[in-house]
Amino acid sequence: MKAFRLDELEAERAANEGAYLQFLRERNMSVGLYALDAGEHDPQQPHHQDEVYFVVSGRASITVGLETTEVARGSVVYVPAGVAHKFHHISEDLRVLVVFSPPEA
């Protein structure tokens, strides 16, 4: 078993001064914490893996392909591999758990 605490992951991510912290990598998936502060730009490019976003905190919009929706704590969004996607109109600091399958390269 591997267990993680969100507050510890956030502290580690902040200490590494990056928006993304991968904290679990297994044969069929990887998991990370992604952080964007209010008003920040999301620099993501399409990934080669399917993704699932689980919004832990914050508020924003996300566009996946041609579809846009608002997200907040508790939102879950699936992004197919290769599809352009971005968080935008980030009105509250955003913290998102990201699951990649297969694992992020």
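Residues numbered from 1 in each chain as written. Predicted model: local features only at pLDDT ≥ 70, side-chain atom pairs only at ≥ 80, totals over all residues. Heavy atoms only, no water.

In the annotation of an unreviewed UniProt entry, the protein is listed under the name Cupin domain-containing protein and assigned to Streptomyces sp. 900105245.

Chemist: Please explain the side chain of Q44 as it appears in this structure.
Modeler: Locating Q44 in the fold gives a position in the loop between β2 (30-36) and β3 (50-64). When its relative accessible area of 10% is taken as the criterion, Q44 is described as buried. Engagement of the side chain of Q44 in a polar contact is seen with the side chain of D42, the distance being 3.0 Å. (Helix = DSSP H or I, 4+ residues; strand = E, 2+ residues; numbered from the N terminus. Buried < 20%, exposed > 50% of the residue type's maximum accessible area, 1.4 Å probe, protein only. Polar contact = N/O pair within 3.5 Å; in protein donor to acceptor, adjacent residues only side chain to side chain.)

Chemist: So what exactly am I meant to see when it comes to the environment of P43 here?
Modeler: Considering the arrangement of structural elements, one finds P43 in the loop between β2 and β3. Along the backbone, P43 and G32 are 11 residues apart, and their C-alpha atoms lie at a distance of 16 Å.

Chemist: Hey, could you run me through the nonpolar core in this one?
Modeler: Considering soluble globular proteins, one finds that nonpolar side chains tend to be buried as a cluster. Judged by nonpolar contacts, the single largest core of 16 residues is most densely connected at Y53, I62, V71, V77, F87, L94 and V96. Looking at this core, the elements with two or more residues in it are β2, β3, β5 (76-79) and β6 (85-101). At six residues, β6 tops the list of elements feeding residues into this core. Excluding anything up to four places from it in sequence, I62 contacts Y53, E67, T68, T69, V71, V77, K86, F87 and H88. (Core = buried A, V, L, I, M, F, W, Y, C linked by side-chain atoms within 4.5 Å. Contact = heavy atoms within 4.5 Å.)

Chemist: What am I meant to see in the packing of aromatic side chains here?
Modeler: Any aromatic ring pair is given by two values, namely how distant the centres are and how the planes are angled relative to each other. Counted under the stated rule, the structure contains four aromatic pairs. Ring centres 5.1 Å apart and planes at 70° place the aromatic pair Y53 and F87 in the edge-to-face group. You can see Y53 sitting in strand β3 and its partner F87 sitting in strand β6, a full 34 residues away along the chain. Accessibility assignment for this pair places Y53 and F87 in one class, buried. Three or more aromatic residues link up through ring pairs in this structure, and these residues are Y20, Y34 and F100. (Phe/Tyr/Trp six-rings, centres within 6.5 Å; stacked < 30°, edge-to-face > 60°.)

Chemist: What am I meant to see in the pairing of strand β1 (residues 20-25) here?
Modeler: For a regular strand, the rule is simple: side chains alternate between the two faces of the sheet. Summarising the sheet, β1 and β2 pair through five bridges and their orientation is antiparallel. Residue Y20 lies in a different strand from β2, and its bridge partner there is Y34. Taking the residues that link successive antiparallel strands as the turn, the β1-β2 hairpin has four residues. (Pairing = 2+ DSSP bridges.)

Chemist: How should the pattern of salt bridges be read in this particular structure?
Modeler: Note that side chains of opposite charge can pair when their charged atoms are close. Following the criterion strictly, the structure yields seven salt bridges and no others. The salt bridge involving K2 is made with E26; its shortest N-O contact spans 2.7 Å. Of this pair, K2 sits in the segment before α1 (6-15) while E26 sits in the loop between β1 and β2, and the two are 24 residues apart along the sequence. Linked through salt bridges whose partners overlap, the residues forming this network are E10, R13, D37 and R95. (Salt bridge = Lys/Arg side-chain N within 4 Å of Asp/Glu carboxyl O.)

Chemist: Hey, could you run me through a nonpolar patch on the surface in this one?
Modeler: Taken together, V52, F54, V76 and Y78 make up a surface patch of nonpolar side chains, about 360 Å² in accessible area. Elements that contribute at least two residues to the nonpolar patch include exactly β3 and β5. Note on placement: F54 falls in strand β3. (Patch = residues over 30% accessible without salt bridge, like charges linked within 9 Å, V, L, I, M, F, W, Y side chains within 5 Å. Areas by Shrake-Rupley, 256 points an atom, 1.4 Å probe, with all protein chains shown as cover.)

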